[in-house]
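Chain and residue survey
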Amino acid sequence: MNNPFEFGRELSATEIVDRTDEVDTVVRALRGRERLFLIGPRRFGKTSILRAAAERAEVEGVVVLRYNAEGYPSLTALAERIVADGAKRLTGPVQKAGRKVQEAFGALRPQLSYNPLTDTFSASLAAEARSPDATLIADALTGIDALAADAEHPVAVVIDEFQRVVEDGGVSAEGQVRAAVQTHDHVGYVFAGSKTRMLAEMTGDESRPFYRLGARLFVGPVAREDFRPALMSGFADAGLDVSDDAVEAILDLAEDVPYNVQRLAHEAWAEALATGDPVTAERVRATLERLASRDDPFYTQTWNGLSRTQKQALLAVAREGGTGLYAGELLRAYDLSSPSTMQAAIAGLVKAGVAREEEHQGGVRVRLEDPFFAAWLRLFVAGS
């Protein structure tokens, strides 16, 4: 049988668990030419939500241009891809593409090439039109809006990991993109990002350009009442015996992070299918230890790259659940001299992609980006 618990790739609409409300919201934004910010940590299925929504919107007649900003080496490369996709999907007959692209994207002065063998376009921007800032993206999106004005179907642009545009574009990036997007009448936009604190501040601070540009949708864990039956059926469909405690252990150890839930369930399913043994909470914990041991080189490299104070802060986050980290007793227990030392160490962990900060019960909780790192710490770091 194929393992029902997929991870490490975009999931289609038929594969993701729950997320119905999130997909519906994104589809409405794409179809209705709205502006939406989709904000969620890595591993929470944000990209799968975007894929599922784009697939459904396309079926409904929307032309969706979707990009992951981190998948391009520069903003120039991203802008060139946007131009090429506009030529492919929004200009009509190939013979008219060149003229329409020059009219729509005049500020970028693109050179368009067409490959008849693959029926694809490529674009390159004139050297003098290139810029290190987000003016490129603003001009590219303005060109899409110009082409969309004559399109027979609704047009939408999705940019995942949108914070990359802002980071690479510099301090003026937000204002440039907003100035362009707020004037566009023919395109819907979904800007998504995994740097939750950065995106939340960017869209929630009234002094920032993106404030109230569009609605915000935060992606959190899948509700356990939805994940439990999906996990149970995945094991049951293969004739495997799984206990309620085992399913709860999968969710607990993965800290409800969808990617980690799927990965742990995937491994537990494969082991149970091979041995014929029932899936119990004890076996799930043993499976997690094997996964942590398997990833030892990666975790060791990450651990060795941290400063002493960052290591102590990481241990505190893993053991204490990420709250109460600035209390005097806890600081002394982890040999950290002051709250400011802990704060600087956590900031370093966040910057390194090891931890993230999330809103929790009126405050802020620090979580590991990869909850399985905690299992590695227990196995290989003394005193963990």
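So, how was this worked out
Residues numbered from 1 in each chain as written. Predicted model: local features only at pLDDT ≥ 70, side-chain atom pairs only at ≥ 80, totals over all residues. Heavy atoms only, no water. Phe/Tyr/Trp six-rings, centres within 6.5 Å; stacked < 30°, edge-to-face > 60°. Helix = DSSP H or I, 4+ residues; strand = E, 2+ residues; numbered from the N terminus. Buried < 20%, exposed > 50% of the residue type's maximum accessible area, 1.4 Å probe, protein only. Contact = heavy atoms within 4.5 Å. Axes fitted to C-alpha atoms, helices over the stretch in contact; angles between N-to-C directions. Parallel < 35°, antiparallel > 145°, perpendicular 65-115°, else oblique. Left-handed = near helix turned anticlockwise from the far one by under 90°. Nonpolar A, V, L, I, M, F, W, Y, C, P; charged D, E, K, R; others polar.

The name recorded for the protein in an unreviewed UniProt entry is Orc1-like AAA ATPase domain-containing protein, from Rubricoccus marinus.

Next up on the list: the packing of aromatic side chains. On inspection of all chains with the given rule, the structure shows 15 aromatic pairs. Note on Tyr 299 and Trp 376: the rings are 6.1 Å apart at their centroids and 40° apart in plane angle, and the pair reads as tilted. Separated by 77 residues along the polypeptide, Tyr 299 in helix H13 (residues 296-304) and Trp 376 in helix H17 (residues 372-380) bring together distant segments of the chain. Judged by its relative accessible area of 3%, Trp 376 falls in the buried class. Grouping aromatic residues by their ring pairs yields a cluster made of Phe 298, Tyr 299, Trp 303, Phe 373, Trp 376 and Phe 380.

Before going further, it helps to spend a moment on the environment of Leu 112. Mapped onto the secondary structure, Leu 112 falls in strand E3 (residues 110-115). Exposure remark for Leu 112: the relative accessible area of 24% places this residue in the partly exposed category. When residues no more than four places from it in sequence are discounted, the contact partners of Leu 112 are Ala 87, Ala 97, Gly 98, Val 101, Phe 121, Ser 122 and Ala 123.

The next subject is the packing of helix H11 (residues 258-275) against helix H12 (residues 281-294). Two elements in contact, H11 and H12, have axes separated by 10 Å at closest approach and are oriented at 110°. In this view, H11 runs roughly perpendicular relative to H12, as classed from their interaxial angle. Considering the relative orientation of H11 and H12, their crossing is right-handed. Facing H11, whose interface residues are Arg 263, Leu 264, Glu 267, Ala 268 and Glu 271, H12 presents Val 284, Thr 287, Leu 288, Arg 290, Leu 291 and Arg 294. Residues belonging to the contact of H11 with H12 are distributed by class as follows: 5 nonpolar, 1 polar and 5 charged.

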